[in-house]
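These are the residues of each chain, in order.
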Amino acid sequence: MDLNGTRAFSLLEKIGYIRTSGTPEELKTAEILKAEAESCGVDTVIEPFEVEDADITAATLTVLAPYEKTYAVTAYKCAENTATDGLVADFYYAENLSDADLAAAKGKIVLVNGYLRLIPYQKLCAAGVAGFITMSGSLLDKEGEADLFTRTLRDKLRTFGTLPGANIAVADAFELVAKKAAKVRLTLQNTPVTRTSHNVIATIAGTKYPDEIITFGAHFDSVPFSTGVYDNGAGSVINMEILRHFAQNPPLRTVKFCWFGSEEIGLCGSNAYVKAHADEVQKTRFMINVDVAGPVLGYDVAKVTGEAALVSFTDYFMKTNGYTVTVTQDIYSSDSIPFAELGVPAINFCRDGAEGAAFIHCRHDVLQYLSADALQKTITHVLAYASTLINAAAFPIERKIPEEMTAKVDQYLYKKEISAYLEKEKK
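Below: a short report on this structure. All values reported here derive from a predicted model rather than from experimental measurement.

**Some details on helix α12 (residues 372-390)**
Between its terminal C-alpha atoms α12 stretches 26 Å, which fits the 27 Å expected from 19 residues at 1.5 Å a residue. With respect to burial, α12 is a largely interior element, 14 of its 19 residues being buried.

**With respect to the pattern of salt bridges**
One pass over the structure, following the stated rule, counts 24 salt bridges. Notably, a salt bridge pairs Glu280 with Lys256, separated by 3.4 Å at the nearest N-O pair. In this pair, Glu280 is assigned in helix α9 (residues 278-283) and Lys256 in strand β9 (residues 253-260), connecting sequence segments 24 residues apart. In this structure Glu280 comes out as partly exposed when scored by relative accessible area, which is 26%. With a shortest N-O distance of 3.5 Å, Lys400 and Glu307 are connected by a salt bridge.

**Comments concerning the side chain of Gln189**
By the secondary structure assignment, Gln189 is in strand β7 (residues 183-204). A relative accessible area of 17% means that Gln189 is categorised as buried. Within the structure, Gln189 has its side chain in polar contact with the backbone oxygen of Thr82 (distance 2.5 Å). With near-sequence residues (within four places) excluded, Gln189 lies in contact with Asp55, Ile56, Thr57, Ala58, Asn81, Thr82, Ala83 and Thr84.

**Remarks on unusual backbone geometry**
Following Ala65, the chain continues to Pro66 via a peptide bond in cis, the omega torsion being 5°. Within the element layout of this structure, Pro66 appears in the loop between β1 (44-65) and β2 (69-75). The step from Asp231 to Asn232 runs through a cis peptide bond, and the omega angle for that step is 0°. You will see that Leu267, though not glycine, has its phi angle at about 55°, which is positive. You can see Leu267 is positioned in the loop between β9 and α8 (268-276). Residue Leu267 is classed as buried on the basis of its relative accessible area, which comes to 6%.

Basis of the calculations
Residues numbered from 1 in each chain as written. Predicted model: local features only at pLDDT ≥ 70, side-chain atom pairs only at ≥ 80, totals over all residues. Heavy atoms only, no water. Helix = DSSP H or I, 4+ residues; strand = E, 2+ residues; numbered from the N terminus. Expected span 1.5 Å × (residues − 1). Buried < 20%, exposed > 50% of the residue type's maximum accessible area, 1.4 Å probe, protein only. Salt bridge = Lys/Arg side-chain N within 4 Å of Asp/Glu carboxyl O. Polar contact = N/O pair within 3.5 Å; in protein donor to acceptor, adjacent residues only side chain to side chain. Contact = heavy atoms within 4.5 Å.

Here's what the structure looks like:
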């Protein structure tokens, strides 16, 4: 097998810059990946799709009592705007969003721990809060190194209502609580806009079973502040090496390579792909996703979103061939989800970093913690596993998702909560 971790690492260096959703840098990366795939003789296209975004014109938080101070915050895009002179309300720290917390939260601007997911947001809306503040970073961040993300109030959350919201550094959140902030003014002004993101799609037709498709996926966008080489430039270059192999060794079944944009803002690229390629998805027998790889200190894992028999086969395959890959049956928060939702079994390959040895979603996701050898280690077992299935005399995986995995996918997508709310609203 013509595998080359050094070549993969070189490509990773080329795309090792911030490349967030819908930006010129994201498009530049799409063009680099397209050119690389075409240099292997594989027809490749860039497919645009639209993503929601917003232009922020104001985002401030000022404590009015018992002291006065203005803090740096970032606005939640697509959140409700305040009046131009701000929203004044009592401040409240909801530690765990318990019923006792929420009983005291009505009409207040509420600080919550960490990142705001759908169910906590639903609780805030039901409690009648005036607005919310989330926090990010660490108390150990040095001055000027706090990654204060600009987050988006995603459409699923807005199902339950639209509130004004902001994000603040953990150190500043600490000060708000420690100094007993009681009354604050939150100012937020943003205008929704639509931006264009891109997927990169390459196809190698099967020589014997062209109507049976196996799809490789990896997202190539990053979050703000991050060069995203670990998450997920590494998965992108691993799949490019695998494309090189099948370009030189034509597969029995059709292999599609999808580099997805805008994964970091809600799997937007893979969702756009399955909608635009509905007929092909019906012919897709298996999805192989690679997301996070390359750390020198780390360990390889495979999460199988499929039947127990596939988990056993995968585990036996790795052990028989001497690959040190831990195999489990589970979903993975990445681009396999839209495929699994449509009944396509999937496997998610990752090389997780040892604790403190690899970093995602921050400025510390950098090349110095990765290596060509670590990339090649993952490339080797992903290609060996994929080749066995793609070139099988009879494809052994049934195109279905077991009930326990379907339930996990539905839970990940909050289908039960959204459906129940919408039914309630109809009455």
